Amino acid sequence: MFEKVLICTDFSDGLHRLSQFTSSLKIAGIKQIVFLHVVPLWEKGIIPKVDSEKIKQAQTQLEKAIEQNPTDVEVKIEVQSGKPVETILKVAEAYQSSLIILGSPTRSILAEKLVGSTMADLSHQTKIPLLVVRPQLFSALTSEELTLRCQHLFRSLLIPYNDGKVSHYLLQQIKQLAQKQSDRYLQQCQLCWVLENKASKQKPLKVLPQEADEILSGIKAELEEVNLQVEIEVREGNSISQVLETSVMADISAIAVSSGTIGKLQEWLISSFAAELLRQSWYPVLFFPFPD
């Protein structure tokens, strides 16, 4: 499914633990893993300098973990100094990565808009999908739990849907992944359409539950043609809360979303569904950048 993966870690996100589970990641279809740690430039003097000591420490830490867990997966270590987003893009291009994994700390919308977000900056500078995970997830799991998590990293996806162009693009990406995978790494999908519009005498429902169910049934048939098991569900209420509630009960590996506004001016005016889901979800979020 994703054969070449770039794992970006700052050692506070728990992602460096994955260096001990490369054999489990192979079971998820991964053939090449690049661990990247970006060391900020040392700016105590007038001219910023490369912090050679911190680079050496990070290199040693990752090498030690990988040496203790030999595997036949191709594993590379990149420890570089510079700006995170620029470095991630450069390394991803060099290794032709098909997926970038990075952590996402809990942060308020105001703080994110003021200080920025690596994920948000990446989302409109690359076409490569991003798997965004909470630091608490990989930090808190036991080795046994993390082994299973890595083996089933993409097995079951929850796909929020609303029949818009972004939803159509997201489904197209999922279908392509299912068609190209060499084994059944992605096995199941759950489509969830949340109807937020409430009916009244002055404002009838734009989409009726029955209509939504019929549309999802058609999509289910399409996805089943590419050998996926598919469940569909139509809910009413707040999109974020309903999708998060579904994720708890659906036995999923990640939530798949797309957006064309994250990290752009529109996000200052109104937060998108995808951006809000990234802030609130404790499940990994598989994000597909929407093309401009």
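Definitions and cut-offs
Numbers given to residues run from 1 along each chain, matching the order in which its sequence is written. The model is predicted, so local features are restricted to residues of pLDDT at least 70 and side-chain atom pairs to those at 80 or more, both for listing and for counting; the totals for chains, interfaces and linings are taken over all residues. Excluded from the side-chain calculation are hydrogens and water; included are all heavy atoms of the structure. Whether two strands pair comes down to DSSP finding at least two bridges between them. Numbering of helices and strands runs from the N terminus, with a helix taken as a DSSP run of H or I at least four residues long and a strand as a DSSP run of E at least two residues long. A fitted line through C-alpha atoms represents every axis, and for helices the fit uses only the stretch in contact; the resulting angles, taken between N-to-C directions, go from 0 to 180 degrees. Here, two residues are considered to be in contact whenever any of their heavy atoms come within 4.5 Å of each other. Classification of residues uses two cut-offs on accessible area relative to the type maximum, computed with a 1.4 Å probe and protein chains only: under 20% is buried, over 50% is exposed, and between them is partly exposed. For Phe, Tyr and Trp, where Trp contributes only its six-membered ring, two rings pair if their centres lie within 6.5 Å, and the inter-plane angle classes them as stacked under 30 degrees, edge-to-face over 60, or tilted in between. Put simply, buried Ala, Val, Leu, Ile, Met, Phe, Trp, Tyr and Cys residues joined by side-chain atoms within 4.5 Å make one nonpolar core. pLDDT expresses, on a scale from 0 to 100, how confident the predictor is about each individual residue. Reported orientations rely on four angle classes, namely roughly parallel under 35 degrees, roughly antiparallel over 145, roughly perpendicular from 65 to 115, and oblique for the rest. By the definition used in this description, the sense in which the near helix is turned from the far one sets the handedness, with an anticlockwise turn below a right angle giving left-handed and a clockwise turn giving right-handed. Side-chain classes are defined by residue name, with Ala, Val, Leu, Ile, Met, Phe, Trp, Tyr, Cys and Pro counting as nonpolar, Asp, Glu, Lys and Arg as charged, and the others, Gly among them, as polar. To estimate how far a helix should extend, the number of its residues minus one is multiplied by 1.5 Å. Seen with the strands pointing away from the viewer, any crossover whose path from the first strand over the helix to the second strand runs clockwise is right-handed. Put simply, the grid is 1 Å and covers the protein atoms alone, a cavity is a trapped set of points that fit a 1.4 Å probe, a pocket is an open set with protein on both sides within 12 Å along at least five of seven lines, and lining residues have an atom within 4 Å of a point. Grid points are joined across faces, edges and corners, and a volume is the space filled by probe spheres set on the points. A carboxyl oxygen of Asp or Glu within 4 Å of a side-chain nitrogen of Lys or Arg is what we treat as a salt bridge.

### A closer look at the sheet that holds strand 3 (residues 74-81)
Then comes step 1: Ordered in space as 3-2-1-4-5-10-9-6-7-8, the 10 strands form an open sheet in which the pairing is mixed. Both edges of this open sheet fall to strand 3 and strand 8 (229-236), since each of them pairs with a single strand only. Pairwise comparison of adjacent strand axes, ignoring direction, gives a mean angle of 25 degrees for this sheet.
Then comes step 2: Packing of helix 12 (residues 273-280) onto the sheet brings it into contact with strand 5 (130-133), strand 6 (156-160), strand 9 (254-259) and strand 10 (285-289), and relative to strand 9 it is tilted by some 145 degrees.

### Looking at unusual backbone geometry
Then comes step 1: Even without being a glycine, Phe11 presents a positive backbone phi close to 70 degrees.
Then comes step 2: Tracing the sequence through the fold places Phe11 in the loop between strand 1 (4-8) and helix 1 (22-27).
Then comes step 3: The phi dihedral of Gln96 falls on the positive side, at around 55 degrees, and the residue is not glycine.
Then comes step 4: Checked against the element boundaries, Gln96 lands in the loop between helix 3 (84-95) and strand 4 (99-103).
Then comes step 5: The class of Gln96 is exposed, set by a relative accessible area of 58%.

### Considering the packing of aromatic side chains
Then comes step 1: Per the stated rule, a full pass over the model turns up 3 aromatic pairs.
Then comes step 2: Pairing Phe2 with Phe154 gives two aromatic rings, centres 5.2 Å apart and planes at 65 degrees, and the pair type is edge-to-face. Here the residue Phe2 occupies a position in the segment before strand 1, and Phe154 occupies one in the loop between helix 7 (143-151) and strand 6, the gap between them amounting to 152 residues.
Then comes step 3: By relative accessible area, which is 2% here, Phe154 ends up buried.

### Brief notes about the nonpolar core
Then comes step 1: If you look at the biggest cluster of nonpolar residues, it comprises 55 residues, and the most contacted ones within it are Ile7, Leu18, Leu131, Ile159, Ile174 and Leu228.
Then comes step 2: Contacts of Ile159, omitting those with residues within four sequence positions, involve Leu170, Leu171, Ile174, Cys189, Gln190, Leu191, Cys192 and Ala256.
Then comes step 3: Within the second largest apolar cluster, 35 residues are counted, among which are Val34, Ile128, Val243 and Ala250.

### What about the confidence of the model for the protein?
Regions with low pLDDT carry predicted coordinates that are not meant to be interpreted in detail.
Then comes step 1: Summarising the model, the protein shows a mean pLDDT of 87, and 88% of its residues fall at 70 or more.
Then comes step 2: Across residues 110-116, confidence stays below pLDDT 50; counting only partners more than four residues off in sequence or on other chains, it has 9 contacts.

### A short note on the packing of helix 10 (residues 239-249) against helix 12
Then comes step 1: Where helix 10 meets helix 12, the closest approach of the two axes is 10 Å, and the angle between their N-to-C directions is 50 degrees. The pairing of helix 10 with helix 12 is recorded here as oblique in orientation. Two packed elements cross with a definite hand, and for helix 10 against helix 12 that hand is right-handed. Contacts between helix 10 and helix 12 involve Ser239, Ile240, Val243 and Leu244 on the former and, on the latter, Phe273, Glu276, Leu277 and Gln280.
Then comes step 2: Class assignment for the residues of the contact of helix 10 with helix 12 results in 5 nonpolar, 2 polar and 1 charged.

### Notes on helix 8 (residues 165-180)
Think of an α-helix as turning once every 3.6 residues; residues three or four places apart then point the same way.
Then comes step 1: Here helix 8 is 16 residues long and its end C-alpha atoms lie 23 Å apart, about the 22 Å a rise of 1.5 Å per residue gives.
Then comes step 2: Among all positions of helix 8, only Ser167, Tyr169, Leu170, Leu171, Gln173, Ile174, Leu177 and Ala178 are buried.
Then comes step 3: Of the surrounding secondary structure, the elements contacted by the buried residues of helix 8 are strand 6, strand 7 (188-195), helix 9 (209-224), strand 9 and strand 10.

### Structural notes on the pairing of strand 7
Then comes step 1: Most of strand 7 is tucked away, with 7 of its 8 residues classed as buried.
Then comes step 2: By the bridge criterion, 5 bridges tie strand 6 to strand 7 in an arrangement that is parallel. Bridged to Ser156 within strand 7 is Gln188.
Then comes step 3: Of the crossover connections in this fold, the one passing from strand 6 over helix 8 to the parallel strand 7 is right-handed.

### Describing empty space enclosed by the protein
Then comes step 1: Per the counting criterion, the structure on display carries 1 cavity of 30 Å³ or more.
Then comes step 2: What the largest cavity holds in volume is close to 50 Å³.
Then comes step 3: Looking at the largest cavity, the residues that line it are Ser104, Val132, Val133, Arg134, Leu278, Ser281, Tyr283 and Val285.
Then comes step 4: Tallied by class, the residues present in the lining of the largest cavity amount to 5 nonpolar, 2 polar and 1 charged.

### Comments concerning the pattern of salt bridges
Then comes step 1: For the coordinates displayed, the defined rule picks out 6 salt bridges.
Then comes step 2: For Asp72, the salt bridge is made with Lys26, and the minimal N-O distance between the two is 2.5 Å. With Asp72 in the loop between helix 2 (52-67) and strand 3 and Lys26 in helix 1, this pair connects stretches of sequence that are 46 residues apart.
Then comes step 3: On the basis of relative accessibility, which here comes to 60%, the residue Asp72 falls in the exposed class.
Then comes step 4: For Lys26, a relative accessible area of 39% puts it in the partly exposed group.
Then comes step 5: One salt bridge connects Glu276 with Arg279, and the closest N-O pair in it is separated by 3.1 Å.

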